[in-house]
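Topology and contacts: notes
Letter by letter, the chains look like this.
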Amino acid sequence: MFNFEKLEVLQEAIDFADLVYKETRSFPLEERFGLTNQLRRAAVSISSIIAEGTSRSSKTDFARFTEIAAGSVFEAVSQAFIARRQSLFREDQSQSIYRDAEQLSRMLSGLRKSLLSTLNPQP
């Protein structure tokens, strides 16, 4: 087992990608290379970036990767807003993605703070 597999935030990121895939299945075919692809790529990149970050040689580097992963969360939220405005998502689908994205964002922020606190312990 790889170390990153033990991270709860990684499991949450994979669950988020599963949710995005499920909720975008009903998008029209003409969106397959547009918003469907963009939203799915943003969602998948979150867990990929976390996994890659664990391979870095320093906690500072790993913390930077958690910031990048958070950027992908925000990207997915932005795209979900667009999908809602284009009536590709119902309100409940949009809210589900938003709630999960908020949770994932909090977890990534907590992980980043934890990584950085070990470098600069407060007196």
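Bear in mind that the values here come from a model prediction, so they are computed numbers and not experimental data. Every chain is numbered on its own, with residues counted from 1 as its sequence reads. Reporting in this predicted model follows two pLDDT cut-offs: at least 70 for local features of residues, and 80 or more for side-chain atom pairs to be given and counted; totals over whole chains, interfaces and linings ignore these cut-offs and use all residues. The basis for the side-chain values is all heavy atoms of the structure; hydrogens and waters are excluded.

1. Points about the overall build of the protein
A count of helical and extended segments in the protein gives 4 helices and 0 strands. The helix and strand labels rest on DSSP assignments: H or I over at least four residues marks a helix, E over at least two residues marks a strand, and numbering proceeds from the N terminus. Each helix (α) and strand (β) of the protein, taken in turn from the N terminus, gives the series α-α-α-α. Expressed along its principal axes, the backbone C-alpha trace of the protein runs to roughly 50 × 30 × 20 Å. Accessible area is worked out with a 1.4 Å probe on protein chains only. A residue is then buried under 20% of its type maximum, exposed over 50%, and partly exposed in between. Scored against the burial criterion, the 123 residues of the protein give a buried share of 39%. Contacts: residue pairs with any heavy atoms within 4.5 Å of one another. Of all intrachain contacts in the protein linking residues separated by at least 6 positions in sequence, the fraction that spans at least 24 positions is 70%. Each accessible area is a Shrake-Rupley result for a 1.4 Å probe, and residues are judged covered by the shown protein chains and nothing else. Summed over all atoms, the accessible surface of the protein reaches about 7500 Å², with 50% contributed by carbon and sulfur. In this count, Lys and Arg are taken as positive residues and Asp and Glu as negative ones, while His and the chain termini are left out. Charge positions come from single atoms, namely NZ of Lys, CZ of Arg, CG of Asp or CD of Glu. Side chains of the protein carry 16 positive and 16 negative charges; the gap between the two charge centres is 2 Å.

2. Digging into the nonpolar core
Side-chain atoms within 4.5 Å are what join buried Ala, Val, Leu, Ile, Met, Phe, Trp, Tyr and Cys residues into a set we call a nonpolar core. Of all hydrophobic cores here, the largest spans 35 residues; its most connected members are Phe16, Ile46, Ile50, Leu104 and Leu108. Put simply, the parts of the chain that give this core at least two residues each are helix H1 (8-24), helix H2 (35-54), helix H3 (59-85) and helix H4 (91-117). Among the elements that make up this core, the one with the highest residue count is H3 (10 residues). Dropping the residues within four chain positions of it, Leu104 is found in contact with Val9, Glu12, Ala13, Phe16, Ile46 and Val73.

3. A word on the pattern of salt bridges
Any two side chains of opposite charge can pair, so long as their charged atoms come close to each other. Between Lys or Arg on one side and Asp or Glu on the other, a salt bridge is scored when a side-chain nitrogen of the former is within 4 Å of a carboxyl oxygen of the latter. On inspection of all chains with the given rule, the structure shows 6 salt bridges. For Arg64, the salt bridge is made with Glu67, and the minimal N-O distance between the two is 3.8 Å. In this pair, Arg64 and Glu67 both sit in helix H3, 3 residues apart, roughly one turn of the helix. By relative accessible area, which is 46% here, Arg64 ends up partly exposed. One salt-bridge network, held together by shared partners, links Arg64, Glu67 and Arg112.

4. Considerations on H4
An α-helical segment advances 3.6 residues per turn. Residues three or four places apart therefore align on the same side. The span one expects for a helix is its residue count, reduced by one, times 1.5 Å. Between its first and last C-alpha atoms H4 spans 39 Å; for 27 residues at 1.5 Å apiece the expected length is 39 Å, and the two agree. Gln93, Ser94, Ser96, Ile97, Ala101, Leu104, Met107, Leu108, Leu111 and Leu115 are the residues of H4 that are buried. The elements touched by buried residues of H4 are H1, H2 and H3.

5. Overview of H2
Counted at 1.5 Å a residue, the expected span for H2 with its 20 residues is 28 Å, and the 29 Å between its end C-alpha atoms agrees. Most pronounced at Ser45, the bend in H2 amounts to some 25°. We define the bend at each residue as the angle formed by axes fitted to the 7 residues ending at it and the 7 residues starting at it.

Interpretation in functional terms is not warranted from these geometric data alone.
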